[in-house]
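Coordinates in review
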Number of protein chains: 4
Amino acid sequence: MLIVMESRATEEQTEKVIKFIKQKGFDAHVSKGEDHTVIGAVGRKVIDKRDIELLSGVKEVIRITSPYKLVSRVFKPEDTIIELKGVKIGGGNTAMIAGPCSVESYEQVDSTAKKLAGYGVKILRGGAFKPRTSPYAFQGLGEEGLKILREVADKYDMLVTSEVMEVSQIPMFLKYVDILQVGARNMQNFNLLKSLGEIRKPVLLKRGLSAMIEELLMSAEYIMAGGNREVILCERGIRTFEHITRNTLDLSAIPVIQKISHLPIVVDPSHATGLRDKVAPMSKAAIAAGADGLIIEVHNSPDTALCDGAQSLYPEQFAELYEELKALAVVLKKKIC
Amino acid sequence: MLIVMESRATEEQTEKVIKFIKQKGFDAHVSKGEDHTVIGAVGRKVIDKRDIELLSGVKEVIRITSPYKLVSRVFKPEDTIIELKGVKIGGGNTAMIAGPCSVESYEQVDSTAKKLAGYGVKILRGGAFKPRTSPYAFQGLGEEGLKILREVADKYDMLVTSEVMEVSQIPMFLKYVDILQVGARNMQNFNLLKSLGEIRKPVLLKRGLSAMIEELLMSAEYIMAGGNREVILCERGIRTFEHITRNTLDLSAIPVIQKISHLPIVVDPSHATGLRDKVAPMSKAAIAAGADGLIIEVHNSPDTALCDGAQSLYPEQFAELYEELKALAVVLKKKIC
Amino acid sequence: MLIVMESRATEEQTEKVIKFIKQKGFDAHVSKGEDHTVIGAVGRKVIDKRDIELLSGVKEVIRITSPYKLVSRVFKPEDTIIELKGVKIGGGNTAMIAGPCSVESYEQVDSTAKKLAGYGVKILRGGAFKPRTSPYAFQGLGEEGLKILREVADKYDMLVTSEVMEVSQIPMFLKYVDILQVGARNMQNFNLLKSLGEIRKPVLLKRGLSAMIEELLMSAEYIMAGGNREVILCERGIRTFEHITRNTLDLSAIPVIQKISHLPIVVDPSHATGLRDKVAPMSKAAIAAGADGLIIEVHNSPDTALCDGAQSLYPEQFAELYEELKALAVVLKKKIC
Amino acid sequence: MLIVMESRATEEQTEKVIKFIKQKGFDAHVSKGEDHTVIGAVGRKVIDKRDIELLSGVKEVIRITSPYKLVSRVFKPEDTIIELKGVKIGGGNTAMIAGPCSVESYEQVDSTAKKLAGYGVKILRGGAFKPRTSPYAFQGLGEEGLKILREVADKYDMLVTSEVMEVSQIPMFLKYVDILQVGARNMQNFNLLKSLGEIRKPVLLKRGLSAMIEELLMSAEYIMAGGNREVILCERGIRTFEHITRNTLDLSAIPVIQKISHLPIVVDPSHATGLRDKVAPMSKAAIAAGADGLIIEVHNSPDTALCDGAQSLYPEQFAELYEELKALAVVLKKKIC
């Protein structure tokens with residue numbers, strides 16, 4: 001931590017700051033510049049930097065150690081590769097995750113999954129518990145939905161991912177799903193994150209609607225601090241002033257995260273844009289930017305979907321896009337599955 | 001719901017849209033303008049408007065019924081007044097809520113509360129479970145903290161409010177606190193909101209960091225839909241590009257909410273600004289804008305606080321501010337307690 | 001400038017950085033911490049800090065000198081008070097500026113100004129050149145509008161302020177107005193700012209729609225660097241996700257700016273909220289937060305206004321508000337005129 | 001325009017609204033729904049919708065005609081292709097624009113352009129007038145810079161684009177450059193836009209830092225309304241809460257704009273990200289999303305650049321990226337030059 005004193009700060013004020021940080025358990029290294037005296041506070045203690053900023057004569061306090069450790073490339077330089085029944089995510093392996101927004105019936109999931117499996121998709125997505133802004137909207141089939149996902153996935157030899165909303169639901173999810181999703185609105189539900197740190201299945205953590213990348217990494221740190229090392233990050237669009245698209249997909253988050261963290265980062269173009277005809281261009285852009293995977297909504301009959309039909313691809317549209325992505329992957333020297 | 005057709009839309013496209021909405025259970029009223037044909041879809045069904053927007057020839061779909069009902073002044077024109085042991089919030093009654101950011105010890109809470117009670121404050125605040133962005137930061141004393149709050153509050157005849165973070169904590173909170181707080185990060189933790197709808201104690205619901213007012217009201221609707229009619233809304237600053245202040249206090253939310261909802265709205269200037277010397281001007285501004293209450297951090301010894309000391313007032317600063325607020329209240333014809 | 005090296009940085013990398021900054025004309029002070037080596041770069045040169053951030057081994061580069069000088073309280077500790085024909089703005093003097101959004105006719109301005117002058121208002125506002133997002137909307141009366149403003153103001157012994165949009169308009173404005181306004185959309189029109197630095201009349205500079213306070217101050221610095229020391233800052237609402245109000249009025253900008261700058265700061269509640277019934281609560285809040293003035297839209301007949309009628313007060317509403325503000329000013333120990 | 005009445009609105013209130021809009025020159029079509037009466041206001045007049053929203057009984061007023069005309073695909077369904085000395089932009093033709101951030105000397109521009117021309121680049125960029133937030137930073141070489149650009153471009157048979165900041169500079173720019181750029185900070189400098197409408201050279205218009213797509217299109221409408229039909233739009237990143245990247249590149253703007261407008265849209269990954277190592281992934285993503293061109297900063301010696309060196313590519317890095325982009329273009333069935 002660096003403490004920059006005001007140019008007008010007195011000797012006495014500087015002494016008081018040094019005394020203060022020593023009391024808090026830090027060592028102080030003083031360096032006098034032309035304009036400003038800078039105090040380096042060295043130590044392992046946690047302190048709210050604003051407490052120092054309020055001392056008289058202090059201009060600014062600058063934290064120099066990263067708040068995250070386990071998620072950082074400094075801690076683990078090589079890419080984390082999540083591997084599940086032969087399917088790999090991360091380290092040059094691009095995973096395709098597809099399926100309907102929400103589970104509506106066995107027939108719906110079965111007919112969608114059959115096609116997806118036929119195209120080569122290995123991971124099936126589907127919502128059983130739905131976070132809806134209105135208490136009067138369809139809230140999902142609950143456990144029945146998870147059962148359907150598992151049954152269909154087993155039939156076509158696929159993996160399952162679905163969103164968990166509450167600590168008490170975790171044991172139920174462990175019975176049915178392979179990857180537990182945390183939705184954008186729960187990115188800072190710290191109790192949920194802590195509990196997910198105690199399990200030993202991968203967690204797909206979505207970036208919050210107005211979260212900075214550092215906050216996403218801190219939430220991943222919560223999970224990893226509990227001992228669960230298998231976290232997949234997910235960029236799904238952030239809230240901006242633009243409202244033609246539902247959210248703004250921040251694709252630069254991909255190279256940014258890949259530089260500072262070893263965790264894989266996948267992209268959800270369906271929720272980010274909210275409109276079917278924007279899913280294909282944004283999927284291609286995500287792959288070109290280096291994403292480790294895509295999570296795309298596909299519905300056997302989007303026009304009758306109970307939720308988010310407007311952003312779901314028809315299976316045939318998805319098939320066509322998937323072929324284009326494979327062609328791009330060849331040029332980009334990536335494996336896609 | 002109004003469906004605006006493109007100026008180039010064909011007769012056939014319009015017919016197809018009418019057929020579609022009739023299938024979904026709506027009546028259709030068509031009105032042909034100079035440029036655009038507009039279809040009014042009348043009915044009580046819930047439909048994702050984007051499903052219609054994707055039909056060919058459709059320019060725009062406009063929802064005209066408010067998504068919230070119970071929180072609206074249309075539903076209940078007169079102000080909701082929350083009354084607890086003689087203390088009133090709302091309808092011209094301005095409540096003062098004060099106390100430390102987090103409970104650290106019996107002595108700390110006792111010495112702070114003694115002073116606050118002496119000044120006339122009736123509601124004590126304090127955090128026992130703390131939502132921290134870092135898993136390595138102080139996370140609160142837990143149930144022990146709630147016990148301390150209750151004990152001290154009873155000693156000085158005060159009410160208690162504290163933040164609940166998880167569904168499973170609710171029964172514990174009901175034993176100790178009078179008003180349950182929902183923090184900004186949990187504003188859209190829908191499972192928590194639903195469970196709080198089932199209790200019969202007031203809930204103080206904080207606006208999310210990047211939530212729009214309508215979303216705050218929808219979250220309140222979740223609680224009210226469960227049967228709990230005692231919701232206090234709280235403006236605590238929203239995230240903006242400005243970073244000299246921690247967040248930007250949106251005081252215009254006060255008159256906006258007071259027009260469309262009957263629920264009381266209080267303001268938290270401590271978290272909004274994050275700095276002690278901005279708390280007094282923002283408190284005065286909130287009262288002048290018509291706030292139904294304030295929630296202010298006060299600590300017996302801010303310099304040694306384990307959390308947010310930098311934004312906590314010294315008891316003497318608080319006392320001085322409280323007097324100024326009372327003088328303002330007289331001019332503004334409001335009661336403050 | 002402080003350069004923080006990565007914890008894994010080699011001795012060689014540190015040497016390279018030191019060599020680099022010395023080449024750029026800085027002195028280097030090295031301080032080795034437990035985790036990080038920090039290099040203090042001391043000197044007066046301007047350098048893009050990202051150039052250093054790209055050197056290998058560098059974790060972060062931190063600028064510690066403020067980018068502004070003349071606007072800062074370090075440069076001039078006492079409040080700047082703008083004085084024009086006996087009217088003062090700043091240093092405890094709160095100025096009321098009022099008038100129609102745009103000048104439509106002599107009769108309109110005359111009838112509005114007559115009432116305002118009667119209430120005690122000393123500064124008349126009105127737009128002659130209007131920045132409109134659509135090329136097809138009313139663009140103002142131009143020079144004819146300025147003439148009307150001047151004539152009416154002289155009749156009632158008032159001062160005039162109006163918005164200048166272009167460098168080439170400055171000589172014309174100098175003939176008619178007492179305070180030149182720069183609109184939010186021109187806050188970073190640097191050529192305009194430079195030219196306004198060369199005149200010797202006060203400039204009222206509005207904060208840009210998504211400008212940070214530091215950027216507003218930098219724009220004021222442009223004007224002051226040219227030699228014009230009379231700048232009045234204006235908070236007029238920033239763009240946020242909320243869209244019930246047109247913009248979000250950031251009242252915490254008032255105490256923030258008053259701490260770091262000596263310049264007066266006034267508030268425009270009309271443009272910030274965009275709705276007449278929000279102007280009164282926000283005006284009272286602004287005064288309570290310590291604003292040095294208000295700029296309020298008043299129209300003799302808002303229902304027929306060519307521009308922004310919806311946010312203009314009726315003269316009688318304004319009169320009532322003005323009385324309330326005077327009562328508040330007494331409690332707050334401020335002078336208002 | 002559609003006027004939705006409150007569910008509680010009286011017959012009398014509805015009548016008053018109808019009378020009001022008829023006075024303003026509109027026809028009224030009334031349609032009574034179950035909950036709400038909706039009034040369609042048909043006509044060509046311009047009216048501020050907030051004036052109607054303030055009438056009693058009115059719930060909401062909805063504008064249904066687009067504010068822009070000439071930029072819209074409704075007006076001109078086929079893609080606009082800008083053609084300059086055989087170089088095409090738009091309609092499947094992807095243009096590469098490259099060069100240094102600012103012109104520093106003849107040698108610098110010459111040595112950079114020589115390499116770029118060798119790689120096949122046809123359009124040279126470079127800043128002669130620089131919009132800098134600090135009045136104390138390097139402001140560009142001015143006309144001398146434009147002369148250098150022209151001379152070097154002619155030597156290597158290239159086109160030139162450079163940023164114009166002020167109305168009075170336009171005649172000078174017409175002498176030297178082929179495409180006039182408008183920077184993000186001037187996107188709503190309406191006087192500048194109007195003047196650019198009167199020239200007959202292409203204008204490259206950058207999206208403002210917090211501008212919505214509709215606002216960008218309205219600014220393009222200003223230029224086109226003056227008679228200049230050759231506008232190239234440019235996405236260069238928007239301001240968001242994320243600050244690891246300088247701005248957030250909104251690549252979904254590409255398919256969004258291509259649907260509603262016929263104008264070409266190019267992407268500036270250098271300013272958007274602000275860091276050299278993010279330029280390559282974002283350039284590839286932009287092409288994959290369908291961009292009609294790229295504008296990339298390349299400097300013969302970024303380490304000594306006077307401006308933005310940190311985001312400039314080395315010529316060799318650019319050459320490598322260019323080859324990758326050409327390979328991608330083949331897969332995407334686009335022409336790049």
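This text goes with the structure placed above it.
Quick notes on the rules
- Residues numbered from 1 in each chain as written.
- Chains lettered and ligands numbered in written order.
- Predicted model: local features only at pLDDT ≥ 70, side-chain atom pairs only at ≥ 80, totals over all residues.
- Heavy atoms only, no water.
- Helix = DSSP H or I, 4+ residues; strand = E, 2+ residues; numbered from the N terminus.
- Buried < 20%, exposed > 50% of the residue type's maximum accessible area, 1.4 Å probe, protein only.
- Contact = heavy atoms within 4.5 Å.
- Areas by Shrake-Rupley, 256 points an atom, 1.4 Å probe, with all protein chains shown as cover.
- Lys, Arg positive; Asp, Glu negative; His and termini not counted.
- Charge placed at Lys NZ, Arg CZ, Asp CG, Glu CD.
- Expected span 1.5 Å × (residues − 1).
- Least-squares fit on C-alpha atoms with pLDDT ≥ 70 in both.
- Salt bridge = Lys/Arg side-chain N within 4 Å of Asp/Glu carboxyl O.
- Pairing = 2+ DSSP bridges.
- Phe/Tyr/Trp six-rings, centres within 6.5 Å; stacked < 30°, edge-to-face > 60°.
- Lys NZ or Arg CZ within 6 Å of the ring centre and 35° of its normal.
- Buried area = accessible area lost by both parts, 1.4 Å probe.
- Polar contact = N/O pair within 3.5 Å; in protein donor to acceptor, adjacent residues only side chain to side chain.
- Nonpolar A, V, L, I, M, F, W, Y, C, P; charged D, E, K, R; others polar.
- Right-handed = clockwise from strand over helix to strand, strands pointing away.
- Axes fitted to C-alpha atoms, helices over the stretch in contact; angles between N-to-C directions.

Per the secondary structure count, chain A includes 11 helices and 15 strands. Principal-axis analysis of the C-alpha atoms gives chain A an extent of 75 × 45 × 40 Å. Within chain A, the proportion of its 337 residues that are buried is 64%. For chain A, long-range pairs separated by at least 24 residues make up 68% of all intrachain contacts whose partners lie at least 6 apart in sequence. Entry remark: accessible area of chain A is about 11,700 Å², with carbon and sulfur atoms responsible for 50%. When the 45 positive and 43 negative side-chain charges of chain A are each reduced to one mean point, those points stand 2 Å apart.

Residues and elements named next belong to chain B. Across its 13 residues, helix 7 (residues 213-225) extends 18 Å between first and last C-alpha, which sits within 8% of the 18 Å expected from 1.5 Å per residue. Of all 13 residues making up helix 7, 11 are buried, and the element is well covered by its neighbours. Ile213, Glu215, Leu216, Leu217, Met218, Ser219, Ala220, Glu221, Tyr222, Ile223 and Met224 are the residues of helix 7 that are buried.

Between the two copies, chain D and chain B, the superposition gives an RMSD of 0.0 Å; the rotation angle is 180° and the shift along the axis is 0.0 Å. In short, the pair behaves as if placed about a two-fold rotation axis. Ranked by how close their C-alpha atoms come to the rotation axis, the residues of chain D are headed by D:Phe241, at 3.1 Å.

Bringing the pattern of salt bridges into the picture now. All names here are of chain A. Applying the stated rule across the entire model yields 64 salt bridges over all chains. The closest approach of N and O atoms between Glu235 and Arg207, which form a salt bridge, is 2.7 Å. One end of the pair, Glu235, is in strand 12 (residues 231-235); the other, Arg207, is in the loop between strand 11 (203-206) and helix 7 (213-225), and 28 residues separate them in sequence. Using a relative accessible area of 1% as the deciding quantity, one classes Arg207 as buried. Note that Arg207 and Asp250 form a salt bridge whose closest N and O atoms lie 3.0 Å from each other. Of this pair, Arg207 sits in the loop between strand 11 and helix 7 while Asp250 is found in the loop between strand 12 and helix 8 (253-260), placing the two residues 43 residues apart along the sequence.

Now for the pairing of strand 14 (residues 293-297) of chain D. Residues and elements named next belong to chain D. The buried fraction of strand 14 amounts to 5 of the 5 residues, a majority that puts the element mostly inside the structure. Of the two faces of strand 14, the one lined by Gly293, Ile295 and Glu297 and the one lined by Leu294 and Ile296 are each fully buried. As paired elements, strand 7 (residues 93-99) and strand 14 share 5 bridges and run parallel to each other. For Ile97, the partnering residue across the bridge sits in strand 14 and is Ile295.

Another aspect to go through is the packing of aromatic side chains. Summed over all chains, the structure comprises 20 aromatic pairs over all chains. Note on A:Phe190 and A:Tyr222: the rings are 4.8 Å apart at their centroids and 25° apart in plane angle, and the pair reads as stacked. Highlighted residues: A:Phe190 in helix 6 (residues 190-197) and A:Tyr222 in helix 7, separated in sequence by 32 residues. A connected cluster of aromatic rings, assembled from ring pairs, spans A:Phe241, B:Phe241, C:Phe241 and D:Phe241. We note A:Arg239 situated over the ring of C:Phe241; from NZ or CZ to the ring centre the distance is 5.9 Å.

Below, the discussion takes up the interface of chain D and chain B. Counting from both sides, the interface comprises 25 residues of chain D and, opposite them, 25 residues of chain B. Across the chain D/chain B interface, buried area totals approximately 2,200 Å², and carbon plus sulfur atoms make up 61% of it. Taken together, the connections running from chain D to chain B amount to 0 salt bridges. One can count 0 residue pairs in polar contact (both at pLDDT 80 or more) joining chain D with chain B. Going through the elements one at a time, strand 1 (2-5), strand 2 (27-32), strand 3 (37-42) and strand 4 (58-62) of chain D are the ones with two or more residues in the side of chain D that touches chain B. Here the side of chain D that touches chain B takes 3 residues from strand 4 of chain D, the largest share from any one element. Considering only residue class, the side of chain D that touches chain B consists of 8 nonpolar, 7 polar and 10 charged.

This part is about the pairing of strand 10 (residues 179-182) of chain D. A regular strand places its side chains on the two faces of the sheet in alternate fashion. Residues and elements named next belong to chain D. Residues Ile179 and Gln181 of strand 10 are buried on one face, and the alternating residues Leu180 and Val182, pointing to the opposite face, are buried as well. As defined by bridge partners, strand 9 (residues 159-163) adjoins strand 10 across 3 bridges and the pair is classed as parallel. Residue pairing in the sheet places Thr161 in a bridge with Ile179 of strand 10. The parallel pair strand 9 and strand 10 is bridged by helix 5 (residues 170-176), and the resulting crossover is right-handed. As defined by bridge partners, strand 10 adjoins strand 11 (residues 203-206) across 3 bridges and the pair is classed as parallel. Directly across from Leu180, in strand 11, lies its bridge partner Val203. For the crossover from strand 10 across helix 6 (residues 190-197) to strand 11, the handedness is right-handed.

This part takes up the interface of chain B and chain A. Taken residue by residue, the interface counts 50 residues in chain B and 50 residues in chain A. Summed over both sides, the interface of chain B with chain A buries roughly 3,900 Å², with 50% coming from carbon and sulfur. Of all residues in chain B, B:Arg50, B:Tyr136 and B:Arg239 bury the most surface against chain A, accounting for 16% of the area lost on that side. Scanning the region where chain B abuts chain A turns up 2 salt bridges. A:Arg239 is the salt-bridge partner of B:Glu215, the closest N and O atoms lying 2.5 Å from each other. Where chain B packs against chain A, one counts 17 residue pairs in polar contact (both at pLDDT 80 or more). For the side of chain B that touches chain A, the elements supplying multiple residues, two or more each, are helix 2 (49-53), helix 6 (190-197) and helix 7 of chain B. For the side of chain B that touches chain A, the element with the highest residue contribution is helix 7 of chain B, accounting for 5 residues.

A few words now on the sheet that holds strand 2 of chain D. Residues and elements named next belong to chain D. Taking strand neighbours across the sheet as the criterion, the 4 strands line up as 2-3-1-4 in an open arrangement whose pairing is antiparallel. In this open sheet, the two edge strands, each paired with only one partner strand, are strand 2 and strand 4. Averaged over neighbouring strand pairs, the angle between their axes works out to 20° when direction is ignored.

Moving on, we come to unusual backbone geometry. All names here are of chain D. The backbone phi angle of Lys85 is positive, close to 45°, even though this residue is not glycine. Secondary-structure assignment places Lys85 in the loop between strand 5 (82-84) and strand 6 (87-89). The backbone phi angle of Lys333 is positive, close to 60°, even though this residue is not glycine. By secondary structure assignment, the location of Lys333 is in the loop between helix 11 (315-332) and strand 15 (335-336). Lys333 sits in the exposed class, given a relative accessible area of 75%.

Quick look at the relation of the copies chain B and chain A now. The two copies are related by a screw motion: chain B maps onto chain A through a turn of 180° and a shift of 0.0 Å along the axis, at an RMSD of 0.0 Å. Same-surface contact between copies: 100% of interface residues of chain B are shared with the interface of chain A.

Now for the environment of C:Val203. Residue and element names in this part refer to chain C. Along the chain, the position of Val203 falls in strand 11 (residues 203-206). Expressed as a C-alpha distance, the spacing of Val203 and Leu233, which sit 30 residues apart in the sequence, is 8.4 Å. If near-sequence neighbours (up to four positions away) are discounted, Val203 is found in contact with Ile179, Leu180, Val182, Leu196, Ile223, Asn228, Glu230, Val231 and Ile232.

Residue and element names in this part refer to chain C. Spatial ordering of the open sheet is given by 2-3-1-4, a layout of 4 strands whose pairing is antiparallel. Here the strands that pair on one side only, and so sit at the sheet edges, are strand 2 (27-32) and strand 4 (58-62). Sheet twist, expressed as the average angle between the axes of neighbouring strands with direction ignored, equals 20°. With 4 bridges connecting them, strand 1 (residues 2-5) and strand 4 associate as antiparallel partners. Within strand 4, the position partnered with Ile3 by the bridge is Val61.

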